[in-house]
Amino acid sequence: MKEFIFREDESGNLIAEINPEFVRQSNMNMYNYKLKKSGIPREYYKYTFDNVIGFDESVIDKCKEYVDTFQDNEDTSLYFIGERNSGKTALSCIIGMELLKKGYEVSFSEFQYLQDCFITNQGFTKNPEIEDYIKKLKKSDVIIIDDCYDPEKSIRWKNSNHLIIAEWNYFIRSHISNEKKFIKTSNIPIANVEMYWGKDIASMLSEGRGKFLELSVENTELSEKRKQRLELKKN
């Protein structure tokens, strides 16, 4: 495909113009490259605000508004709260993909994997792969962190909880201080985070620079399917 197309003006002179199809294809190629690099799981690639189903319209509208006003919301991150399989990860990934289309750098990480990185990379011996991974996250305009703050899902929590809290606290503060944002998903409400993670981390979720907008997520279609599966098991 050619970058330029040519047309004749009224005087018969050839005028070079950017080929809009070339631009469209180039933008799509760049988007696909950044999408793959972001770490967003492939199973969410197919979802958009238009084809995802089962969510309350008010939640979808708030997600769309967040994307549309992302540049203006300098201090606001998102915190999706919901039960397992409520669709909060899907919504966070859709937002991430929409922001990628707008040219922002987006990274996705599982909370437990990030904790393991912090613990593994302690001391004087640094893991180069982990160092590069964390640097990539810090360069992102927004970091999606899935399944946050549940100590029961961290295999290292019982033995290393103070260390995890300290590293997590530093990671959040350094990212926020660079005017970057988070999209977090969790089954623990912001009001209960202090119970496990302390006042400093809890306060960063609810006040000052880097405060989080908490959105409660429930997918009625997934909930109904879950009820049907439970009924089948009972029978």
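Attention here is on the structure that accompanies the text. Just so it is clear, the structure is predicted and the values come from calculations on it, not from any experiment. Residue positions within a chain follow its written sequence, with the count starting from 1. In keeping with the model being predicted, local features are shown solely for residues with a pLDDT of at least 70 and side-chain atom pairs are shown and tallied solely at 80 or more, while totals for entire chains, interfaces and linings include all residues. Side-chain measures were taken over the full set of non-hydrogen atoms in the model, leaving aside hydrogen atoms and water.

**Considerations on the packing of helix α7 (residues 190-197) against helix α8 (residues 199-206)**
Then, number 1: To obtain each axis, a line is fitted to C-alpha atoms, and for helices this fit is confined to the stretch in contact; angles are then taken between N-to-C directions over 0 to 180 degrees. Here a helix means four or more residues in a row that DSSP labels H or I, a strand means two or more in a row labelled E, and each is numbered from the N terminus. Close contact between α7 and α8 brings their axes to 7 Å; oriented N to C, the two are set at 160°. Considering their axes alone, α7 and α8 lie roughly antiparallel with respect to each other. In this structure, α7 crosses over α8, and the sense of that crossing is right-handed. Here Ile-190, Val-193, Glu-194 and Trp-197 of α7 come into contact with α8, specifically with Lys-199, Ile-201, Ala-202, Leu-205 and Ser-206.
Then, number 2: Think of it as three bins: nonpolar holds Ala, Val, Leu, Ile, Met, Phe, Trp, Tyr, Cys and Pro, charged holds Asp, Glu, Lys and Arg, and polar takes everything else, Gly as well. Partitioning the contact of α7 with α8 into residue classes produces six nonpolar, one polar and two charged. Note that the term roughly parallel is reserved for angles under 35 degrees, roughly antiparallel for angles over 145, roughly perpendicular for angles of 65 to 115, and oblique for everything else. Crossings are assigned a handedness: left-handed for a near helix turned anticlockwise from the far helix by less than a right angle, right-handed for a clockwise turn. We call two residues in contact whenever any of their non-hydrogen atoms come within 4.5 Å of each other.

**Topic: the environment of Ala-90**
Then, number 1: Its place among the elements puts Ala-90 in helix α3 (residues 88-101).
Then, number 2: Taking C-alpha positions, Ala-90 is 9.9 Å from Phe-49, a pair spaced 41 residues apart along the chain.

**A closer look at the packing of helix α2 (residues 57-68) against α3**
Then, number 1: Where α2 contacts α3, the axes come no closer than 10 Å and their chain directions differ by 30°. Our classification of the angle between α2 and α3 gives roughly parallel. Like other packed secondary-structure pairs, α2 and α3 cross with a definite hand, here right-handed. Across the interface between the two elements, Val-59, Ile-60, Cys-63, Tyr-66 and Val-67 from α2 touch Leu-91, Ile-95, Glu-98 and Leu-99 from α3.
Then, number 2: Here the contact of α2 with α3 is built from residues that sort into eight nonpolar, no polar and one charged.

Without other data, these values stay purely geometric and don't point to any function.
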